Amino acid sequence: MTANFFIALLRFLIFPGLLFTAVVGLVMSWLDRKVTARVQWRVGPPFLQPFYDIVKLLGKEVIVPAGGSRMAFLGAPLVGLAGATLAATLIGTAAIYGGGGGGFRGDIIILLYLLVLPSLAVILGGAASKNPLASVGASREMKLLMGYELPFILVMLVPIIQSGGMLSLGNLLSFQAQHGSFAASLSGAVALVAVLPCLQAKLALVPFDQAEAETEIMGGALIEYSGAPLAVFKLTKAMMLFTAPMFLVVVLWGGFGQTLGSALLGIGKYVALLVLVILLRNTNPRVKIKHAVRFFWGPVTALALIAVLLALVGV
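Here the structure is a predicted model, which is why all the values come from computation and not from measurement.

**Q** Could you give an account of the packing of aromatic side chains, with specific residues and numbers?
**A** Scanning all chains against the criterion turns up 13 aromatic pairs. Between Phe15 and Phe20, the ring centres sit 4.8 Å apart and the planes meet at 80 degrees, which makes this aromatic pair edge-to-face. On the basis of relative accessibility, which here comes to 42%, the residue Phe15 falls in the partly exposed class. In this structure Phe20 comes out as partly exposed when scored by relative accessible area, which is 30%. Between Trp30 and Phe47 the ring centres are 5.1 Å apart and the planes differ by 70 degrees, which places this aromatic pair in the edge-to-face class. Residue Trp30 is found in helix H2 (residues 18-39), and its partner Phe47 is found in the loop between H2 and helix H3 (49-58); the two are separated by 17 residues along the sequence. Among the residues examined, Trp30 registers a relative accessible area of 18% and is labelled buried. Looking at Phe47, the relative accessible area reads 42%, which means it is partly exposed. Of note, Lys202 hangs over the ring of Phe152, and the distance from its end group to the ring centre comes to 4.7 Å.

**Q** Before we move on, can you summarise a nonpolar patch on the surface with the specific residues and values?
**A** Taken together, the side chains of Phe5, Phe6, Leu9, Leu10, Leu13, Ile14, Phe15, Leu19, Phe20, Val23, Ile96 and Tyr97 present a nonpolar region at the surface, about 1100 Å² in accessible area. The set of elements that each furnish at least two residues to the nonpolar patch consists of helix H1 (2-13), H2 and helix H4 (70-97). As for its position among the elements, Ile14 is in the loop between H1 and H2. Overall, the relative accessible area of 41% leaves Ile14 in the partly exposed class.

**Q** Mind laying out the side chain of Thr85, listing which residues take part and the relevant values?
**A** Residue placement: Thr85 occurs in helix H4. Setting aside chain neighbours within four positions, we find Thr85 in contact with Phe12, Gly17, Leu18 and Met239.

**Q** Describe the packing of H4 against helix H6 (residues 117-128), naming the residues involved and giving the relevant values.
**A** Running from N to C, H4 and H6 point in directions that differ by 175 degrees, and their axes come no closer than 8 Å. Regarding the angle of H4 to H6, the classification is roughly antiparallel. In contact with Ala72, Phe73, Ala76, Val79, Gly80, Gly83 and Ala84 of H4, H6 contributes Leu117, Pro118, Ala121, Leu124, Gly125 and Ala128. Its residues assigned to classes, the contact of H4 with H6 shows ten nonpolar, three polar and no charged.

**Q** How would you sum up the pattern of salt bridges? Please name residues and give values.
**A** Using the criterion set out here, one finds seven salt bridges in the structure. Between Asp209 and Arg286 there is a salt bridge; the shortest N-O distance is 2.8 Å. Of the two residues, Asp209 is situated in the loop between helix H9 (186-202) and helix H10 (214-217) and Arg286 in the loop between helix H12 (260-283) and helix H13 (289-312); the sequence distance between them amounts to 77 residues. Taking relative accessible area as the criterion, Asp209 reaches 8% and is therefore assigned buried. Of the residues examined, Arg286 reaches a relative accessible area of 24% and is grouped as partly exposed.

The rules behind the values
- Residues numbered from 1 in each chain as written.
- Predicted model: local features only at pLDDT ≥ 70, side-chain atom pairs only at ≥ 80, totals over all residues.
- Heavy atoms only, no water.
- Phe/Tyr/Trp six-rings, centres within 6.5 Å; stacked < 30°, edge-to-face > 60°.
- Buried < 20%, exposed > 50% of the residue type's maximum accessible area, 1.4 Å probe, protein only.
- Helix = DSSP H or I, 4+ residues; strand = E, 2+ residues; numbered from the N terminus.
- Lys NZ or Arg CZ within 6 Å of the ring centre and 35° of its normal.
- Patch = residues over 30% accessible without salt bridge, like charges linked within 9 Å, V, L, I, M, F, W, Y side chains within 5 Å.
- Areas by Shrake-Rupley, 256 points an atom, 1.4 Å probe, with all protein chains shown as cover.
- Salt bridge = Lys/Arg side-chain N within 4 Å of Asp/Glu carboxyl O.
- Contact = heavy atoms within 4.5 Å.
- Axes fitted to C-alpha atoms, helices over the stretch in contact; angles between N-to-C directions.
- Parallel < 35°, antiparallel > 145°, perpendicular 65-115°, else oblique.
- Nonpolar A, V, L, I, M, F, W, Y, C, P; charged D, E, K, R; others polar.

This is the structure:
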């Protein structure tokens, strides 16, 4: 029991949890900023700039707005960080061990909850600050969350249906190793297309960054944050840039395999998703929140339902 506890603690704190995901996430955020800068004919930041930003924020003064809820205001960033770290730990463990000790029955349901926590943290923090602009940002984040979570959950039904009701990441990976990735089927390909805008919204990137919208509400839900709490929010967002696409690779696209070749192929799939995210960010303007919700509840949900129906008929 003690040995298992320490192994679980090491997975959570070091690999594949907090430390590993934070480092890789910050590197991916640098890549995102670098590509964005080149698209805009700028040089872009140096490689270590995301790390400098986090360290600098950690040394800044923490200011709690008057009239706000101190406990909720300071606790919200930790909620988001815990959710992202736990999700990364479960996904990474399943990716490493596959069907041989990776995950537990029902962990995919737990992951759906954990991946919502960063968004809920933004809502909680914005509402706790009592700032009018932060309240607008929190309201937008709540509406956006209700918009994209429905098709996102519908997409997750596709691999469950195709596998005959498997609810474990490890079992889903084993099934894909034997029968091919779900994305190779018609229903899986449609599901992958439907989940891409949901991924963009879950990462709070243009065109679905209405909750922050620096040019409109000056940071929105995070406008009152400074110092270490803001650093935690920034770190959580960087970690999600790694965790959320990796989740889709594991669930829909075959994972990373157990050999060097398959691992490199899995990394290539993750990079492909990241490139799509960056391209969407740099080629689309921010949309109004009502248009975003209408888009997710309309075409995206319809596409996700089509994927579910195709999975039910076995294609």
